[in-house]
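One-letter residues, chain by chain:
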Amino acid sequence: MSTLRLVLGDQLSHNISSLQNCDKANDTVLMAEVLDEATYVKHHKKKIAFIFSAMRHFAAELKGNGYNVNYTKLDDSNNTNSFYSEVKRLAKQHKITKIIVTEPGEYRVLQDMQTWQQKLGIKVNIKPDKRFLSSHQEFADWADNRKALRMEYFYRQMRIKHNILMQGDKPEGGKWNYDSDNRNPPKQGLNIPKTYCNKPDDITQNVLDLVEAKFANHFGDLQPFNFAVNRSQALQALTKFIDERLKYFGTYQDAMIEDEPFMYHSHISFYLNCGLLEPLECIKAAEYAYYNGTAPLNAVEGFIRQILGWREYVRGIYWLKMPQYKQLNFFDAKRNLPQFYWDADTKLNCLKQCVNETKQNAYAHHIQRLMVLGNFALVAGIDPAQVNEWFMIVYADAYEWVELPNVHGMILFADGGYLASKPYAAGGAYINKMSNYCKNCEYSVTTKNGPKACPFNYLYWDFLSRNRDKLASNHRIGMMYKTYDRMSDDKKKAIAQDSQKFLKSIV
Ligand code: FAD
Ligand code: DLZ
Ligand code: SF4
């Protein structure tokens, strides 16, 4: 009797359910770098390097802890290059009688795993992923019979359940949400501390060479590579954030500055999503900083809400609504993704900046993703499948359970308002208020129409006008139609003409 325990690249946690009660003398742990996973979308080079290096470091730790690990490297001659074929190969080699795996973070992988038992004739036990703070059942129970799901109410329930920032049954400071204090524009002379920066060791260097050789035609810059690649380094990155940047996280959460890709954000999503950090330890570290007097409540509550609220909420929606969720296209958007999402060759300075930083770092912070890259895709009517693929490719923290609800639901409103109460569409004024991008742009953010006008200005109104039948009854956006209706016919014509001309120019 021998059990095969499969650990995936985003399951790098020592307490992962697939390793529980492991018989170290007889069981085999399988970890495998497989081409299928690196190419089902052509991931950013940095993302592949990060996952492979973190996997190799984790495998070494497991071996050090006495586990019997079979680690398949990408260029091993016997690598069969898919999860299933590797499991099959190892099951034969080690006379395996049972397979244990923790449920994956993507529906396509789960579907595949669910066929293994029948195909292999070996019992396959798919265990729940206990690293999340809300189970599928708990989320489904919460969602049951609600007309509309709203993150805020889910978040309050999670605060109570985990007793985070609570004074008895009341929220700390008397309010659940301090978002209204968290919308400051950037100001000049901010002294933003440097983010965590790790020097590649030999393991990482080998991986970087491998990625350069095998994935040269994938998007993104491989160098410099400074990610944390094991748990102790990820903890250092978390501590550095809590000590140096958390205090301003809230105030400048929505701010964007040219050549400051990380602002006061934590830059920990990669580590959380692949298992090097646990959500509750990040939440507790921030909560401690508040009670310790080193960070104010608006920052701490804002940060905790992202992890305890948004992160769990989007995962809940993904598993509740897949596979249908991915097919939704509320606005019937069909336009192809413009080439500048890949090469940053555009006169729109905000997009140029955000694409370039994404290419360099496999990272962009939330407002860049939402209000620049996402906002443009929404108002330009880009096909959700193409936008979704782009976001899966370019960010080192992208796994479908978290990427899809953010893209389909939050930025594209492709689910018709299941996740968000209104589309986050905005004109250039928002980007101008929250960034310094417009100062160096060839377009004029204050001009509404004509060749010099900021394209967001007319595309915003064109988007509303094109989708009137779908949006007019939305009470959070319906009033914008009153403003549109007060415009002269000439103005409306100019909006439509400028939009058509611009959209034609970006194919
Ligand atoms: P911080 O701003 O410091 O926030 C702290 C943590 O909160 C993050 O590390 C993350 O774990 C969590 N968080 C914050 N916002 C969200 C959110 N909306 N959904 C889920 N978790 C959240 N996040 C991903 O992890 N993977 C993705 O593929 C991803 N795609 C996104 C696509 C779009 C269009 C948008 C608008 C958001 C997306 N997000 C995604 C959410 C968010 O932008 C990133 O989690 C965040 O930018 C990561 O940077 P950070 O670690 O510095 O986060
Ligand atoms: C993202 C990724 C990549 C690029 N490569 C691998 C890999 O070779 N082996 C592996 O186990 N996991 C990899 N991953 C993470 C998986 O894509 C992830 O586990 C699934 O998408 C399920 O969430
Ligand atoms: Fe972006 Fe418009 Fe500002 Fe240019 S003017 S940076 S296109 S918002």
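Residues numbered from 1 in each chain as written. Chains lettered and ligands numbered in written order. Predicted model: local features only at pLDDT ≥ 70, side-chain atom pairs only at ≥ 80, totals over all residues. Heavy atoms only, no water.

Before going further, it helps to spend a moment on the side chain of Arg 56. In this fold, Arg 56 is placed in helix α2 (residues 45-64). Looking at Arg 56, the relative accessible area reads 11%, which means it is buried. Apart from the residues within four sequence positions on either side, Arg 56 is in contact with Glu 33, Tyr 71, Lys 73, Ile 203, Asn 206, Val 207 and Leu 210. (Helix = DSSP H or I, 4+ residues; strand = E, 2+ residues; numbered from the N terminus. Buried < 20%, exposed > 50% of the residue type's maximum accessible area, 1.4 Å probe, protein only. Contact = heavy atoms within 4.5 Å.)

Glancing now at the environment of Met 256. Inspection of the secondary structure puts Met 256 in the loop between α10 (246-249) and α11 (269-274). In the structure, Met 256 is positioned 111 residues away from Asn 145 in sequence and 39 Å away in space, judged by C-alpha atoms. If sequence neighbours within four positions are ignored, Met 256 has contacts with Pro 186, His 365, Ile 367, Gln 368, Val 372, Met 434, Ser 435, Asn 436 and Tyr 437.

Quick look at the domain arrangement of the protein now. Domain assignment breaks the protein into domain 1 (3-127), domain 2 (136-195 + 245-321) and domain 3 (340-505). Taking the mean C-alpha position of each, domain 1 and domain 2 sit 31 Å from one another. In this assembly, 14 residues from domain 1 lie in contact with 11 residues from domain 2. The contact between domain 1 and domain 2 buries some 870 Å² in all, and 57% of this surface belongs to carbon and sulfur atoms. (Domains from an automatic or database assignment. Buried area = accessible area lost by both parts, 1.4 Å probe.)

This part takes up unusual backbone geometry. In this structure, the amide linkage connecting Gln 223 to the following residue, Pro 224, adopts the cis form with an omega of -5°. Within the secondary structure, Pro 224 is located in the loop between α8 (202-214) and α9 (231-244). That bond from Met 322 to Pro 323 is cis: its omega, 5°, falls within 30 degrees of zero. Positionally, Pro 323 belongs in the loop between α13 (297-321) and α14 (340-343). With phi around 50°, Asn 163 is a residue other than glycine that occupies positive phi space. Relative to the assigned elements, Asn 163 resides in the loop between α7 (151-162) and β6 (166-167). A positive phi angle, close to 60°, is found at Ala 344, a residue other than glycine. The exposure class assigned to Ala 344 is buried, which follows from its relative accessible area of 3%.

For the structure on display, the rule yields 43 aromatic pairs. Each member of the aromatic cluster is reached from another via a ring pair, and the members are Phe 219, Phe 340, Tyr 341, Trp 342, Phe 376, Trp 390, Phe 391, Tyr 395, Phe 456, Tyr 458 and Phe 502. The lysine or arginine in question, Arg 108, covers the ring of Tyr 40, its NZ or CZ lying 3.4 Å from the ring centre. It is Arg 369 that lies over the ring of Tyr 395; its NZ or CZ is 4.0 Å from the centre. (Phe/Tyr/Trp six-rings, centres within 6.5 Å; stacked < 30°, edge-to-face > 60°. Lys NZ or Arg CZ within 6 Å of the ring centre and 35° of its normal.)

In this section: the nonpolar core. If you look at the biggest cluster of nonpolar residues, it comprises 154 residues, and the most contacted ones within it are Met 31, Phe 50, Leu 246, Tyr 271, Leu 351 and Phe 376. A total of 11 residues in this core trace back to one element, the largest contributor, which is α13. Ignoring anything within four residues of it in the chain, the contact list for Met 31 reads Val 7, Leu 12, Met 55, Phe 58, Ala 59, Leu 62, Asn 70, Tyr 71 and Thr 72. Among the nonpolar cores identified, the runner-up in size contains 20 residues, and Val 87, Ala 91, Val 109 and Met 113 belong to it. (Core = buried A, V, L, I, M, F, W, Y, C linked by side-chain atoms within 4.5 Å.)

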